[in-house]
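Letter by letter, the chains look like this.
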Amino acid sequence: MKLIGVYSDPRRDNRRHIVSVAYALEFQSSSMTTKDGTGVPKGGDDAKEVIAVPLEEIGVKFKGEDWYADHLTILLDFKEQMMAKTTAKAVVREGEIYEDVARARCEGVAEEV
């Protein structure tokens, strides 16, 4: 488990002021257990559906209007951290709701747990 960031801008969710702590997890789908026993993730009370999005399509094919609130910002931060491990290529940051979203970026701060 690796900390991606802490997101606290009061504008990030129009329902109320919410602070989110985002983590990246790696799992083996063959060993995953779900409530219904199928091993296939499904949307619940806070998500309409679960989809797999290739890293390279975040912010390119899937842009701001495809995500709720500042979820694109969180995913772009994740993409940036993953790409920093493999390439010096910069991540294009387009379509974020607020370009100045208050967040604590955690590269180089948190070690993997």
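Just so you know, the residues in each chain are numbered from 1, in the order the chain's sequence is written. Local features in this predicted model are restricted to residues of pLDDT 70 or higher, and side-chain atom pairs are both shown and tallied only at a pLDDT of 80 or more, whereas totals for entire chains, interfaces and linings draw on every residue. Remark: hydrogens and water are excluded; side-chain values derive from all non-hydrogen atoms of the structure.

### What about a nonpolar patch on the surface?
Okay, so step 1: A patch consists of residues whose relative accessible area exceeds 30% and which take part in no salt bridge; residues with like charges are grouped when within 9 Å of each other, and nonpolar side chains (Val, Leu, Ile, Met, Phe, Trp, Tyr) when within 5 Å. Per-residue accessibility takes into account occlusion by the displayed protein chains alone, with areas from the Shrake-Rupley method and a 1.4 Å probe. Here, a salt bridge means any side-chain nitrogen of Lys or Arg that lies within 4 Å of a carboxyl oxygen of Asp or Glu. Together, M1, V21, Y23 and L25 line one region of the surface with nonpolar side chains, adding up to about 420 Å² of accessible area.
Okay, so step 2: By the secondary structure assignment, L25 is in the loop between β2 (20–24) and α1 (71–86). Segments assigned H or I by DSSP are reported as helices when at least four residues long, segments assigned E as strands when at least two residues long, and all are numbered from the N terminus.

### Side note on the environment of V21
Okay, so step 1: The topology assignment puts V21 in strand β2.
Okay, so step 2: The cut-offs for exposure are 20% and 50% of the maximum accessible area for each residue type, with area from a 1.4 Å probe on protein chains only; residues under the lower value are buried, those over the upper are exposed, and the others partly exposed. Among the residues examined, V21 registers a relative accessible area of 45% and is labelled partly exposed.
Okay, so step 3: As a C-alpha pair, V21 and I4 span 17 residues in sequence and 7.8 Å in three-dimensional space.
Okay, so step 4: Beyond its immediate sequence surroundings of up to four residues, V21 is in contact with L3, G5 and V6. We call two residues in contact when some of their heavy atoms are within 4.5 Å.

### Digging into the pattern of salt bridges
Okay, so step 1: Applying the stated criterion across every chain yields a total of one salt bridge.
Okay, so step 2: The shortest N-O distance in the salt bridge between K42 and D36 comes to 3.0 Å.
Okay, so step 3: Residue classification places K42 among the exposed positions, given a relative accessible area of 52%.
Okay, so step 4: On the basis of relative accessible area, D36 is assigned to the partly exposed category, the value being 44%.

### Some thoughts on the pairing of strand β1 (residues 2–7)
Okay, so step 1: Of all six residues making up β1, five are buried, and the element is well covered by its neighbours.
Okay, so step 2: As paired strands, β1 and β2 are joined by five bridges and run antiparallel to one another. Residue V6 lies in a different strand from β2, and its bridge partner there is V21. A strand pair is defined by DSSP finding two or more bridges across the two strands.

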